[in-house]
Amino acid sequence: MSNVATKVAVIGSGISGAVCASTLARNGVSVTLFDSARGPGGRMSQRREIAEDGKELLFDHGAPFFSISNTDVLRLVHEWELKGLVAEWKENFGSFDYHSKKFIEIDQDGMSKRYVGVPGMNSICKALCNETGVESKFGVGVGRLEWLDNENSWLVMGMDGQNHGSFKGVVASDKSIFSSRFKDVTGSPPPLDLSLVPELAMKLQDIPVNPCFALMLAFTEPLSLIPVKGFSFKNSEILSWAHCDSSKPGRSTTSERWVLHSTSKYARDIISQTGLRKPSAATLTKVAEDVLEEFKSTGLNGSQPFFRKVHRWGSAFPAASVAGEEKCLWDDKKKLGICGDFCVSPNVEGAILSGLAAAAKLIDAPSCL
């Protein structure tokens, strides 16, 4: 590999893009990371809300935790642990049957370790996006990726038409860059014209996703009838998962905070009626009422939350894996990589593996570096 660093653009600051950017920077590549959001994390974001009394409330409203089986990823996680970015969440978890209104299993053994970011799930991505060699541009959505054939490079244009420069390589970890759903949400065509990469196009056409609504709740008193801190639901049309966010290491315990995830079927039904554009206040109110009512009818919660708010994950949870053993998609001629959990497996570990694989492709590409 050349000792002279070149410019690479990474689009998306979820864990896959953040790991890719960090790995490239550690190998001497100059990385510019773009994300339309205000901060890093993607589905590992942490939501900051303010209650009516002025209290700050923090929620991990996406991925509640992650488990690791791959040794390469485990090495990374141990490195993050030593830096205080990650800790093990040592609580009991279970499964609740909505029909019988009983817990049908409680895992007290902790068969696999559950890790969380500290003090929030986004802590890992924050640290990676701030490493030397990574220039992070938040609040900057990419509107177009233009291939400059005479320069063998990519021109990155913002949603506002601003020219953000040319790059010898691009890694897209955000599905919206090539998804037809981008047009449903923004009214504009997706930034990457798939006709530029015909060999990848077939695999990237309409990747199926599982939408989800996340309801964030805060209570003044603990929900003492619940014997676990995280549990899945069986036989509920509306609820798929619940966890006590304030029970995680490094979190404030001034209030008890829970996050409830809807089933993908429920979310799909709502989206089929309202579309993929930003949900209206009326839609979010209806979802909050539906999800909270389902939670109350379990008999596990008798108290009223002093705070509630809904977030819609429209297409964040992939329902397919598109890259197989390669773990990412790669166009060697144009030095374009596609990474994310949708390439490997729909979880944090899959996203990390894909980010590492995309970085390796660029590092091993001599004409790029």
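What counts, and at which threshold
Residues numbered from 1 in each chain as written. Predicted model: local features only at pLDDT ≥ 70, side-chain atom pairs only at ≥ 80, totals over all residues. Heavy atoms only, no water. Disulfide = S-S within 2.5 Å. Core = buried A, V, L, I, M, F, W, Y, C linked by side-chain atoms within 4.5 Å. Buried < 20%, exposed > 50% of the residue type's maximum accessible area, 1.4 Å probe, protein only. Helix = DSSP H or I, 4+ residues; strand = E, 2+ residues; numbered from the N terminus. Domains from an automatic or database assignment. Contact = heavy atoms within 4.5 Å. Axes fitted to C-alpha atoms, helices over the stretch in contact; angles between N-to-C directions. Parallel < 35°, antiparallel > 145°, perpendicular 65-115°, else oblique. Nonpolar A, V, L, I, M, F, W, Y, C, P; charged D, E, K, R; others polar. Buried area = accessible area lost by both parts, 1.4 Å probe. Salt bridge = Lys/Arg side-chain N within 4 Å of Asp/Glu carboxyl O. Pairing = 2+ DSSP bridges.

As recorded in an unreviewed UniProt entry, the chain goes by Amine oxidase domain-containing protein and comes from Manihot esculenta.

**Some points on the state of the cysteines**
Under the defined criterion, the tally for this structure stands at 0 disulfides. In this structure C20 is not part of a disulfide, and its nearest cysteine sulfur, from C339, lies 5.0 Å away. As a non-bridged cysteine, C244 has C212 as the owner of its nearest cysteine sulfur, 18 Å distant.

**A few points about the nonpolar core**
Core analysis: the largest hydrophobic core is formed by 47 residues, its most contacted members being V10, I15, L24, F66 and W80. Elements represented by at least two residues in this core include exactly β1 (7-11), α1 (15-26), β2 (30-35), α2 (71-82), β8 (115-117), α3 (123-129) and α8 (348-363). Here the element with the most residues in this core is α8; it accounts for 9 residues. Mapping this core onto the domain boundaries places at least three of its residues in each of domain 1 (1-64 + 122-206 + 320-368) and domain 2 (89-120 + 208-319). Each residue touching I15, except ones within four places of it in the same chain, is listed here: G41, M44, W80, I124, C125, L128, V348, A351 and I352.

**Re the packing of α2 against α8**
Where α2 meets α8, the axes come as close as 10 Å, and the angle between the chain directions of the two elements is 100°. Here α2 is positioned roughly perpendicular relative to α8, judged by the angle of their axes. Contacts between α2 and α8 pair V73, L76 and W80 from the former with E349, I352, L353 and L356 from the latter. Looking at the contact of α2 with α8 residue by residue, the classes come out as 6 nonpolar, no polar and 1 charged.

**Here we look at the domain arrangement of the chain**
You can read the domains of the chain as domain 1 (1-64 + 122-206 + 320-368) and domain 2 (89-120 + 208-319). Once you take the C-alpha centre of each, domain 1 and domain 2 turn out to be 28 Å apart. Contact residues are listed per partner, giving 29 residues for domain 1 and 34 residues for domain 2. Here domain 1 packs against domain 2, burying approximately 2,700 Å² in sum over the two surfaces, 60% of which is carbon and sulfur. Broken down residue by residue, the surface that domain 1 buries against domain 2 is led by F59, H61 and P64, which jointly contribute 22%. Taken together, the connections running from domain 1 to domain 2 amount to 3 salt bridges.

**Remarks on the sheet that holds strand β9 (residues 134-138)**
Strands sit in the order β9-β2-β1-β13-β20-β19 across an open sheet of 6 strands; the sheet is mixed. Taken across any chain shown, the strands that pair with only one partner, and hence form the sheet edges, are β9 and β19 (329-331). When strand polarity is set aside, the average angle formed by the axes of neighbouring strands in this sheet is 15°. One ladder, built from 3 bridges, connects β19 with strand β20 (residues 336-338); its direction is antiparallel. Residue D331 lies in a different strand from β20, and its bridge partner there is L336.

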